[in-house]
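# Summary of structural features
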Amino acid sequence: MKLVVCFPGIGYHCDKPLLYYSRKLAACAGYDHTLLLQYTYHKDGLRGSPAALREAFDTLYAQAEAQLSAVDWPQYDDVLFLSKSIGTAVSAAFAQRHGIPCRQILYTPLSLTFALAPQNALAFLGTADPWSDASSVAAAARANGTPLCLYAVSYTHLRAHETDSYLVCRLLLEKKKDAVFCLKKKCLKKKKYTNDQI
C-alpha cells in the first residue's frame with residue numbers, strides 16, 4: 001500500500017490547486033491511500049515575525065500529531081508527504097520526530113522548514129512569494145541538500161499543472177517510465193487557468 005499525506009498551509013486547504021492536482025498525480029502513481037490534514041489557526045501578524053511564526057508552527061504541529069496519531073506507518077510500502085507553506089515545516093518535523101522514511105514535496109517552503117532538515121525532499125518556490133525570502137530559502141535548501149525549483153512568480157502563480165514534470169522526474173517516479181507516461185499524458189488534462197482559479 002502507498003500513502004499520501006497532505007499538510008496544508010494556513011488559508012491554503014488541501015483542495016486548493018497545488019495539493020489537489022498533486023494528489024491526482026500521486027493517485028496515478030499508485031498512491032492508493034490519502035490523508036488530508038486540517039488546521040485551525042486564527043492569529044494574524046505572522047509575516048516578518050519569527051516568534052509568531054514559531055507559535056503558529058507549534059500549534060499546527062500539535063494538531064497534525066493528533067490527526068496522525070492512529071496511523072500504522074509500517075503497513076505502508078511507500079509514503080509521500082505533500083505540503084504547502086507552513087505545512088512544509090510541519091511535515092518535515094513530523095517525519096523527523098517519528099523517523100518516517102517518506103518522500104516529501106515542499107511547495108513554497110519557509111526557512112524554518114530547512115531548519116528541520118527534511119529528507120528525500122524536493123521544493124518549489126516562487127521568487128516573488130511575500131512569505132519567503134527566496135535567497136535565504138535557496139541557501140537553506142542547498143545546505144540541506146534539497147533540490148529547489150525556483151519560479152520567477154509569486155506563490156499564487158505557482159501552479160500544479162506547471163510542475164508535474166518535476167514531480168515525475170525528480171521524486172515520485174524515478175525510473176518508472178510507464179507511470180511517467182500515465183502522469184504526463186493521461187491523468188492531467190492540459191488546460192489554461194485564469195488567476196481566479198488559482
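The preceding data block contains the structure.
Residues numbered from 1 in each chain as written. Predicted model: local features only at pLDDT ≥ 70, side-chain atom pairs only at ≥ 80, totals over all residues. Heavy atoms only, no water.

## Things to note about the nonpolar core
One finds Val5, Phe7, Phe57, Leu68, Trp73, Phe81 and Val90 to be the most contacted residues of the largest nonpolar core, which totals 32 residues. Secondary-structure elements contributing two or more residues to this core are β1 (2-7), α2 (50-68), β3 (78-84) and α3 (86-98). The biggest single contributor to this core is α2, with eight residues. Beyond its immediate chain neighbours, meaning those up to four positions away, valine 90 contacts Phe7, Tyr39, Phe57, Leu60, Tyr61 and Ala64. Formed by 17 residues, the second largest nonpolar core is a distinct cluster that contains Tyr12, Leu19, Leu82 and Ile105. (Core = buried A, V, L, I, M, F, W, Y, C linked by side-chain atoms within 4.5 Å. Buried < 20%, exposed > 50% of the residue type's maximum accessible area, 1.4 Å probe, protein only. Helix = DSSP H or I, 4+ residues; strand = E, 2+ residues; numbered from the N terminus. Contact = heavy atoms within 4.5 Å.)

## Describing the sheet that holds strand β5 (residues 121-126)
In space, the six strands of this open sheet follow the order β2-β1-β3-β4-β5-β6, with parallel pairing throughout. One side of each edge strand has no neighbouring strand; the edge strands of this open sheet are β2 (33-36) and β6 (148-151). Averaged over all adjacent pairs, the angle separating strand axes in this sheet is 10°, with direction ignored. Relative to strand β4 (residues 103-107), β3 runs parallel, the two sharing five bridges. Following the sheet pairing, lysine 84 is matched in β4 by tyrosine 107. (Pairing = 2+ DSSP bridges. Axes fitted to C-alpha atoms, helices over the stretch in contact; angles between N-to-C directions.)

## What to know about the packing of α2 against α3
Two elements in contact, α2 and α3, have axes whose closest approach is 9 Å; the angle formed by their N-to-C orientations is 55°. Classified by the angle between their axes, α2 and α3 sit oblique to one another. Remark: the crossing between α2 and α3 carries right-handed chirality. When α2 is examined against α3, the residues Leu53, Arg54, Ala56, Phe57, Leu60, Tyr61, Ala64, Glu65 and Leu68 are found in contact with a partner set consisting of Ile86, Ala89, Val90, Ala93, Phe94, Arg97 and His98. (Parallel < 35°, antiparallel > 145°, perpendicular 65-115°, else oblique. Left-handed = near helix turned anticlockwise from the far one by under 90°.)

## Focus: unusual backbone geometry
Backbone phi values are negative for most residues with the exception of glycine, while trans is the configuration of most peptide bonds. Positive phi is not limited to glycine here, since serine 85 has a value of about 55°. On the accessibility criterion, serine 85 (17% relative accessible area) is buried. At asparagine 120, a residue that is not glycine, the phi angle is positive and equals roughly 50°. Topologically, asparagine 120 is positioned in the loop between α4 (111-115) and β5.

## Side note on the state of the cysteines
If you walk through the whole model with that rule in mind, you get zero disulfides. Take cysteine 14: it sits in no disulfide, and the sulfur closest to it among the cysteines is that of cysteine 6, at 4.8 Å. Residue cysteine 14 is classed as buried on the basis of its relative accessible area, which comes to 5%. (Disulfide = S-S within 2.5 Å.)

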